[in-house]
Amino acid sequence: MAPLRWLLISVACFLFMHSLGKSETCPDCFIHSRAGYYPNSDEKGTEVGECGFGKFGATLNGGDVSAASELYRGGVGCGACYQVRCTYSYYCLDKGVTVVITDHGISDRTDFILSQRAFSQMAQSTDAAASLLALGIVDIEYRRVSCSYPNKNITFKIDESSNNPYYLAFEILYQQGKMDITAVQLCETQNFVCKLLDRTHGAVWTTTSPPSGPLSIRMLFSANDEDQTWVVPVNNIPGNWKPGDTYDSGVQVNA
């Protein structure tokens, strides 16, 4: 009987570890955490988020945005989308809310600090939303999901700090899918010479003394640090670019 007992214990341990390992690597599984909200902001997001989106970051995704702590990932997480749902069945919707990371922050062991609008969107009703807001911080489940911007291509926004022809800074907007932009190259369209740019903070990419003439921006998209793909825009940035201008890349990524 002893050998059979140990065999059953070994099989049970194997099945447990197998299921544990499977859950840890499941890309679509929910992860338990906590979330708060911006208490001193208006209903939407903030215009001073560390991702560098500025005013765009306050209204992106209809204002359903969030700051993140570890998921910020030194700025790589800027623009990533997550499904976030609170776990109080009396107040909360099963589908929760989809938010975009636009800032970095943490409050009392939270992974997310949502805009007030996004925090309220998790609730079943207006009264339930008021109850959630009164709690301030709630238990949640979250998972990464694809971003969706219908009828939008990836867009480059020239940062207000830019100064043609001495300094170029820009953010990359409207990126769909679940991949990360982990590297960016700036290329001269006339002689195809490219150089890697610096991520100064958040989603802001910069270079000093940018080349004159039309420019092409190549982006390296990565999934789980394994699959990597360079994406080359169809459209170029003209040589007379100005701070505040936006340029449609002509391409979109849905993976």
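Residues numbered from 1 in each chain as written. Predicted model: local features only at pLDDT ≥ 70, side-chain atom pairs only at ≥ 80, totals over all residues. Heavy atoms only, no water.

Draft legend 1. View of the state of the cysteines. What the rule picks out here adds up to five disulfides. Note on cysteine connectivity: C26 is disulfide-linked to C29, with sulfurs 2.2 Å apart. Disulfide C26-C29: torsion about the S-S bond near 90 degrees, hence right-handed. On the basis of relative accessibility, which here comes to 29%, the residue C26 falls in the partly exposed class. Classification of C29 as partly exposed rests on a relative accessible area of 30%. Note that C187 is cross-linked by a disulfide to C194, the S-S spacing being 2.0 Å. Measuring handedness by torsion sign, the sulfur bridge of C187 and C194 sits at about 110 degrees and is right-handed. Sequence-ordered numbering of the bonded cysteines in the protein yields a pairing of 1-2, 3-4, 5-8, 6-7, 9-10. (Disulfide = S-S within 2.5 Å. Buried < 20%, exposed > 50% of the residue type's maximum accessible area, 1.4 Å probe, protein only.)

Draft legend 2. Spotlight on the nonpolar core. Among the nonpolar cores identified, the biggest contains 24 residues, and Y82, V84, V99, F112, M122, L132 and I140 are the most heavily contacted of them. Leaving out residues up to four positions away in the same chain, M122 has contacts with V84, R85, C86, Y91, C92, L93, V97, L114, L132, V138 and I140. Grouped together as the second largest cluster of nonpolar side chains are 22 residues, I181, L186, V251 and V253 included. (Core = buried A, V, L, I, M, F, W, Y, C linked by side-chain atoms within 4.5 Å. Contact = heavy atoms within 4.5 Å.)

Draft legend 3. Representation of the sheet that holds strand 14 (residues 227-231) within the structure. Strands sit in the order 10-9-13-14 across an open sheet of four strands; the sheet is antiparallel. Of all strands in the sheet, those bounded by a partner on one side alone are strand 10 (194-196) and strand 14. With strand direction ignored, the average angle separating the axes of adjacent strands in the sheet is 25 degrees. Of the strand pairs in this sheet, strand 9 (residues 180-188) and strand 13 (residues 215-223) are connected by eight bridges, and their pairing is antiparallel. Pairing of D180 across the sheet is with S222, part of strand 13. (Pairing = 2+ DSSP bridges. Helix = DSSP H or I, 4+ residues; strand = E, 2+ residues; numbered from the N terminus. Axes fitted to C-alpha atoms, helices over the stretch in contact; angles between N-to-C directions.)

Draft legend 4. Main features of the sheet that holds strand 5 (residues 112-114). Ordered in space as 1-5-2-4-3-6, the six strands form a closed barrel in which the pairing is mixed. Direction aside, the axes of adjacent strands within the sheet are offset by 45 degrees on average. Inspection of the sheet shows strand 2 (residues 65-68) paired to strand 5 by three bridges, in the antiparallel sense. Across the sheet, the residue bridging to A67 is I113, located in strand 5.

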